[in-house]
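Architecture and fold: a report
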Amino acid sequence: MLDEGTERLYELIGPVRFVLFDFDGPICRLFAGHSAEDVAKDLVRRLAGLGLHGLLTDDERRQPDPYVVLRAVDRRRPRSDLVEELEELLTQQELKAVASAWPTPHVDPLIRTWTALGARLAVTTNNSPRAVHTYLTSRGLLECFAPHIHGRTQDLRLLKPDPHCLRRALSALGADPKSALMIGDAPTDLAAARRAGVGFLGYARNPRKARLLRDAGGAALVSSLEPVLRCLRGGRR
């Protein structure tokens, strides 16, 4: 874990002029009160209701992650009406989850402080941009990001670790990747940042997240966004 009060953290974020936030994790816990496992089960039940139970392996049906289900269907029925239907079902569940999402500690003032200091912000996420828009509006943060919300499209091949959403954000912002930083909490975020040539700060809210990021090669990790906020407000102190 990065020593969060050191010169190293300041050196990482000090030159940054563009900040790309992942959504679920660094900005909020989207499924804090609306289980992602239940969403995955809904997708599996929908497939069964369509007589397509066999489209997934036993392991895929047991996964608590709706993205595992969605990606699996997309591999076998790419760009199909079925994928479009399941993606919309996931979007509706994400929109429902917004009402009970938990803001990540310290992120609201961090977003406002970075904006006040002149940084330009974007969201780069595998979540639905509609859910992101709804959540940011509810927190009074939309103006810090809009119109730079780059989320899931119906082409699921472009989900992270593909850098598509990061490259869209960089292009829309007119940003040099060398002056940009992504804040993410998953190895897919790290991989996308590397492919886009963007610096990366890992947000690891628990040891499991930290282990996954370290195993993927993440060097700069924080367990809280508070030291990042402190660094912005007070330089190296």
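Before reading further, recall that the structure is shown in the block above.
So, here's what we can say about the structure.

**A few points about the overall build of the chain**
Within the chain one finds 12 helices and eight strands. Structurally, the chain occupies a C-alpha span of about 60 × 35 × 30 Å along its principal axes. Counting the 237 residues in the chain, one finds 51% classified as buried. Here the analysis covers contacts within the chain between residues at least 6 apart in sequence; of these, 70% occur between residues at least 24 apart. Carbon and sulfur atoms form 50% of the exposed surface of the chain, whose accessible area is close to 10,700 Å².

**A word on the packing of aromatic side chains**
Inspection of the entire model under this criterion finds three aromatic pairs. Consider the rings of Phe 21 and Trp 114, whose centres lie 6.3 Å apart with planes at 85 degrees: the pair is edge-to-face. One end of the pair, Phe 21, is in strand β1 (residues 18-21); the other, Trp 114, is in helix α6 (residues 107-116), with 93 residues separating them in the sequence. Of the two residues, Phe 21 and Trp 114, neither departs from the other in class, the shared state being buried. When the centroid spacing of 5.9 Å and the interplanar angle of 80 degrees are considered together, the rings of Phe 21 and Phe 145 count as edge-to-face. A residue pair is termed long-range when its members are at least 10 positions apart, and Phe 21 in strand β1 and Phe 145 in helix α8 (residues 142-145) qualify at 124 residues. According to the relative accessible area criterion, Phe 145 is buried, its value standing at 1%. Here the aromatic cluster, defined as three or more aromatic residues joined through ring pairs, consists of Phe 21, Trp 114 and Phe 145.

**What about the environment of Ala 216?**
With respect to the secondary-structure elements, Ala 216 resides in the loop between α11 (207-215) and β8 (221-222). Its relative accessible area of 28% is what places Ala 216 among the partly exposed residues. Along the sequence, Ala 216 and Glu 87 sit 129 residues apart, while their C-alpha atoms lie 28 Å from each other.

**Considerations on α11**
By the burial criterion, the buried members of α11 are Lys 209, Ala 210 and Leu 213. Around the axis of α11, the buried residues are gathered within 100 degrees of arc, so they sit on the same side. Exposed side of α11, more than 90 degrees from the buried face: Pro 207 and Asp 215 are the residues found there. Tucked into the core, α11 has its buried residues touching α10 (187-196), β7 (199-203) and β8. With a side-chain oxygen positioned 3.2 Å from the backbone nitrogen of Arg 208, the residue opening α11 is Asn 206.

**Describing the side chain of Asn 126**
Here Asn 126 shows up in the loop between β4 (120-124) and α7 (129-138). In this structure, Asn 126 is in contact with Tyr 67, Arg 71, Arg 152, Leu 159 and Lys 160, ignoring residues within four places of it in sequence.

**Description of a positive patch on the surface**
Judged by side-chain charge, Arg 29, Arg 205, Arg 208 and Arg 211 come together as a positively charged surface patch. Position of Arg 211 relative to the elements: it lies in helix α11.

**Things to note about the side chain of Thr 125**
Take Thr 125: it is sitting in the loop between β4 and α7. A polar contact is formed between the side chain of Thr 125 and the backbone nitrogen of Asn 127, at a distance of 2.9 Å. Those residues in contact with Thr 125, other than ones at most four positions away along the chain, are Asp 22, Phe 23, Val 132, His 150, Gly 151, Arg 152, Lys 160 and Cys 165.

**Let's talk about the environment of Pro 177**
With respect to the secondary-structure elements, Pro 177 resides in the loop between α9 (164-173) and β6 (180-184). Among the residues examined, Pro 177 registers a relative accessible area of 27% and is labelled partly exposed. A sequence separation of 155 residues divides Pro 177 from Asp 22, and the C-alpha atoms of the two residues are 16 Å apart. Filtering out sequence-adjacent residues up to four positions away, Pro 177 remains in contact with Leu 170, Ala 196, Gly 197, Val 198 and Gly 199.

**Things to note about α9**
All buried positions along α9 are accounted for by Cys 165, Leu 166, Ala 169, Leu 170 and Leu 173. Seen along its axis, α9 keeps its buried residues to an arc of 135 degrees; they face one direction. Gly 174, located one to two residues past α9, shows a positive phi value of around 65 degrees.

**Some thoughts on the pattern of salt bridges**
Across all of its chains, the model carries 15 salt bridges by this definition. Here Arg 46 ties to Glu 85 by a salt bridge, and the two come within 2.4 Å at their closest N and O atoms. With Arg 46 in helix α2 (residues 36-49) and Glu 85 in helix α5 (residues 81-98), this pair connects stretches of sequence that are 39 residues apart. By relative accessible area, Arg 46 is classed as partly exposed at 33%.

Quick notes on the rules
Residues numbered from 1 in each chain as written. Predicted model: local features only at pLDDT ≥ 70, side-chain atom pairs only at ≥ 80, totals over all residues. Heavy atoms only, no water. Helix = DSSP H or I, 4+ residues; strand = E, 2+ residues; numbered from the N terminus. Buried < 20%, exposed > 50% of the residue type's maximum accessible area, 1.4 Å probe, protein only. Contact = heavy atoms within 4.5 Å. Areas by Shrake-Rupley, 256 points an atom, 1.4 Å probe, with all protein chains shown as cover. Phe/Tyr/Trp six-rings, centres within 6.5 Å; stacked < 30°, edge-to-face > 60°. Arc of directions from axis to C-beta. Polar contact = N/O pair within 3.5 Å; in protein donor to acceptor, adjacent residues only side chain to side chain. Patch = residues over 30% accessible without salt bridge, like charges linked within 9 Å, V, L, I, M, F, W, Y side chains within 5 Å. Salt bridge = Lys/Arg side-chain N within 4 Å of Asp/Glu carboxyl O. Lys, Arg positive; Asp, Glu negative; His and termini not counted. Charge placed at Lys NZ, Arg CZ, Asp CG, Glu CD.

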